[in-house]
Amino acid sequence: MPGALDGIKVLEVTQIIAGPMCGVMLSDMGADVIKIESAAGDGMRLLGQFAPGESKGFHVFNRGKRGMVLNLQDPDGQAVVQKLISEMDVFLINARPGVPERLSIDYESLRAHKPDLIYLENTAYGPTGPSAHRAGADIIAQAYSGLMAGDEKVDEHGGPDLITATTPADFVAAFTSTIAICAALFHRERTGEGQKIDTSLLAGALVLQNAFTSRLPVSDAIMLDPILNGLAAVRERGGSYRELLGARGGLRALVGGAFFLYYGGYQTSDGAIMLGCVTPPNRQQVREALGLQPGDDPTDDGDFNALADGSEEIVAHVRAQISERFASDTTENWVAKLDAVGAPASQVNIPEEMIDDPQVQALGIMVDLEHPLTGPEQMVGPPFNMSATPPQAKGAAPPLDGDTNEVLIEYGYSAEEVAALRSSGAVGLPSDS
Amino acid sequence: MPGPLDGIKVLELTQIIAGPYCGVALADLGADVVKLESPVGDASRKIAQFAPGESKAFHALNRGKRGLVINLATTEGQAVAHQLIPHFDVFVTNVRPGVADRIGMDYDTLRQIRSDLIYFDVTGFGDRGPSAHRAGSDAMVQAYSGLVAGDLKVGPDGAPEQITASAPSDYIAALGGAMGVCAALFHRERTGEGQRISGTLLGAGLALQTPWVADVPVSDSILLEPLRRMMTEMRVSGASYAEMIEARRSRPNQGKAFRIYYSGYPVKDGAIILGALTPQNRDQIRTALEITNDPTDNDDFNAIGPDADAIVARVEEQIKAKLASGTMTEWIRKLDAAGAPASPVNWMEDMPDDPQVAAMNLMRPVEHPLTGPERHVGPLVNMSKTATGTSRPAPPLDAETDDILREHGFSDEMIASLRETGAVGA
């Protein structure tokens, strides 16, 4: 079965995660994706490399693509892009603002060669505004967007801590870029019109906090304004990051403390468990499995007021009871008991062991690939299925300069022309490397 | 300017985040999205409600939609839903596995009614495998997929903690669904064929950790296999969660040197984040901070060698002392001037009025019929030829049921009698 994007051709100038992951998803859905790198290669090749220029990160974020090396500082290298682009449907780039213009691979330059091109540019802060020119990375978007302070994580030095070792803003930007490209392909199919799409890490990070960043004056008067006033007061007297978090956390704990009784982790007799209740029926199921009696936990009663004096003590008292029950039995037994009543609960797994998890195997999420330099590998495949056009991982990540000749010849260059471009340094790796 | 999905009609039977946010993404791209709720309403209406049945989360995750109440527990209600289906291009749902079949809203039933329907369903763990039947929510999948342990999250009492107050697997699943729907619309436009798209929170959680979950044997024999052996041995010996996380934290790790320039530090009046990814970025930071004796980027530095931890700790100490001597504004100015990635740590509550957010027009105003003016995080992307974004708020429960039914061929008499029997309306 062909993929949904069967026959669609994509050229990408991408690095690290946000751009490359978008290319992976387009490839998974059937597009023919060609990655352009400089002779130095995507910076990701050097992060945790296990063979020269080959890292696990690069392999997972570039599977399913062909790779070529072009020197985009060289007008002859730029000319190669201009020749290729007339046969492409999509161009994808994540570089600092201004770089595409400098290399003559900006939207205006490329659409001159392909009027209905779909051009996607991902940057840290977006194309306009006071921070548009600034350097960015996922951790910067986490900090700038409020994700980090919102999670109130403090490291051992009192500094802010990453919310997660993964890169949420990068991933959301990659997914939104792919959505926009698919929507633009649909629009082009209906109207014949191409277009430019802009995405940013900042917008991606804000999406993840949709519910918190919104302004709803009627609600905010009760819940949010006191937090903002508290923050302003601490800032006024020059309080530390930890004190600022304290000012924010107090009220938040009060409003949300009861919710997190059943949406958070506990220790068991042999490890740990996570509860994920979002509704009153879920919480009732947990109370039932734990053997809590009506009256043991008043937090779901209609007359419980989370903002009233004494509510913190009530929540703490319920938490102590729940902790005590969980500590009395094993994770396996608790998960079985909670499953039996239909309550959402899970053991806490280790990421490196997920590959052998029976549920992961049952769903066929992992795919087997063969890398030309480093051999067999297994990694996370497409995260969703489509019944008529199933997405599938097409192959391993390209070695640097792996497919340059093949691609050039496919797009009309003769063997002599390729050799000439190589010797002038416009394409391929320098001969001494 | 019409949106790219202009004229596309979406019916969603969704709750909480994963289904609803998919609907928001489609609405922002121009689709006409109708949210189908039971008479009780989506449970997220009641999470921190500020007016009866109205919460900030519900408003943010359901803007841009119209609302319809049908009681799908009744056969009359199911018949109404089935009469609507021919008018819709896309159906989105995130009910528990088995529920769609029970209420006649599964793919096989609906495709009999509209053969080129695009049907997206997202569940916690999928429709097969040992966990297929299990309830799923984001916190659970954070734990199940390895995100919680991978982030070494331990609370003050030794219990695991969520990695974030946000819901990363829910959002990624929602976005994956919107992507699948757009690709399927493109495929339908080319071939006339509809299809089912299915996603899981588990798959979304794993997608967020692709480098850690991957098996690349040549690489893994050095770093990953010893870790897996250690975890297994500790588990057999009955180690606690907190002990296992501590062992994991202190193992040799190539990433520790990377982390000194990809981390947060206190400054005089708050905190700052450094986000260096490349040796050039780190040089820019060293220049701005006047750090001269850091060997961690030298070719002969061995990140898993015996002295590595001590060297990394010493450099980290220097950076920390340096940054503590200046204010946030001073350091951001110096690091920006050097071209290095750095940011103040902002508060999410302040973001709607941030100048960059305003310049990018990322917050969009809507007017809610019950609770007045609001501003929400706007569309995911800007597109030069097709509009994105919405000016419609989240629907109050049952506010538009009659309009929507009338628009799809129900007479006023039929609607009145359906309301009478409780098949539609709250």
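A quick note: this is a predicted structure, and the numbers were derived from the prediction, not measured. (Residues numbered from 1 in each chain as written. Chains lettered and ligands numbered in written order. Predicted model: local features only at pLDDT ≥ 70, side-chain atom pairs only at ≥ 80, totals over all residues.)

Caption draft 1: Representation of the overall build of chain B within the structure. Of regular secondary structure, chain B possesses 20 helices and 14 strands. Along the longest, intermediate and shortest principal axes, the C-alpha atoms of chain B span 80 × 50 × 45 Å. Here chain B holds 426 residues, and the buried ones make up 54% of them. Here the contacts in chain B between residues at least 6 apart in sequence split such that 69% fall between residues at least 24 apart. (Helix = DSSP H or I, 4+ residues; strand = E, 2+ residues; numbered from the N terminus. Buried ≥ 20, exposed ≤ 12 C-beta atoms within 10 Å, placed from the backbone. Contact = placed C-beta atoms within 7 Å.)

Caption draft 2: Inspection of the overall build of chain A at higher detail. Helices and strands together make up the secondary structure of chain A, namely 19 helices and 14 strands. C-alpha extents for chain A along the principal axes are approximately 85 × 50 × 45 Å. Burial status across chain A gives 52% buried among its 433 residues. Taking all contacts inside chain A whose residues are at least 6 apart in sequence as the whole, residues at least 24 apart take part in 69%.

Caption draft 3: Molecular detail of the domain arrangement of chain A. Residue and element names in this part refer to chain A. Structurally, chain A comprises domain 1 (9-207 + 354-424) and domain 2 (218-352). Domain 1 and domain 2 are separated by 39 Å when their C-alpha centres are compared. In this assembly, seven residues from domain 1 lie in contact with eight residues from domain 2. Class assignment of the residues belonging to the side of domain 1 that touches domain 2 gives a composition of three nonpolar, two polar and two charged. (Domains from an automatic or database assignment. Nonpolar A, V, L, I, M, F, W, Y, C, P; charged D, E, K, R; others polar.)

Caption draft 4: Highlighting the interface of chain A and chain B. Taken together, the contact between chain A and chain B spans 141 residues of the former and 143 residues of the latter. The element contributing the most residues to the side of chain A that touches chain B is helix H8 (residues 168-191) of chain A, with 16 residues. Residue composition of the side of chain A that touches chain B, by class: 78 nonpolar, 47 polar and 16 charged. In terms of strand pairing, strand S8 (residues 195-200) of chain A meets strand S14 (residues 382-383) of chain B through two bridges, oriented antiparallel. Bridging from a neighbouring strand, Ile197(A) pairs with Met383(B) of S14(B). (Pairing = 2+ DSSP bridges.)

Caption draft 5: How the structure looks around the packing of H8(A) against helix H8 (residues 168-191) of chain B. Their axes nearest at 9 Å, the elements H8(A) and H8(B) cross at an angle of 15 degrees. Regarding the angle of H8(A) to H8(B), the classification is roughly parallel. Pair H8(A) / H8(B) crosses with left-handed handedness. Counted by class, the contact of H8(A) with H8(B) contains 19 nonpolar, three polar and four charged residues. (Axes fitted to C-alpha atoms, helices over the stretch in contact; angles between N-to-C directions. Parallel < 35°, antiparallel > 145°, perpendicular 65-115°, else oblique. Left-handed = near helix turned anticlockwise from the far one by under 90°.)

Caption draft 6: Geometry of the sheet that holds S8(A). If you walk across this open sheet you meet the seven strands as S5(A)-S2(A)-S1(A)-S6(A)-S7(A)-S8(A)-S14(B), and the pairing is mixed. Every interior strand has two partners, whereas the edge strands, strand S5 (65-69) of chain A together with S14 of chain B, have only one. Summarising the sheet, strand S6 (residues 90-93) of chain A and strand S7 (residues 118-123) of chain A pair through four bridges and their orientation is parallel. Within S7(A), the residue paired with Leu92(A) across the bridge is Leu120(A).

Caption draft 7: Seen up close, helix H12 (residues 224-236) of chain B. Given a rise of 1.5 Å per residue, 13 residues ought to cover 18 Å, and the 19 Å separating the end C-alpha atoms of H12(B) matches this to within 8%. Immediately downstream of H12(B), the backbone of Gly238(B) shows phi near 80 degrees, a positive value. (Expected span 1.5 Å × (residues − 1).)

Caption draft 8: Looking closely at the nonpolar core. Residues Ile179(A), Ala25(B), Leu26(B) and Cys182(B) are the most contacted members of the largest nonpolar core, which totals 251 residues. The element that contributes the greatest number of residues to this core is H8(A), accounting for 14 residues. The contacts of Cys182(B), once residues within four sequence positions are left out, are Ile179(A), Cys182(A), Ala183(A) and Phe186(A). (Core = buried A, V, L, I, M, F, W, Y, C linked by C-beta atoms within 7 Å.)

Caption draft 9: Fine view of the domain arrangement of chain B. For chain B, the assigned domains read domain 1 (9-207 + 355-421), domain 2 (217-253) and domain 3 (254-346). On a C-alpha basis, the centroid separation for the pair domain 2 of chain B and domain 3 of chain B is 28 Å.

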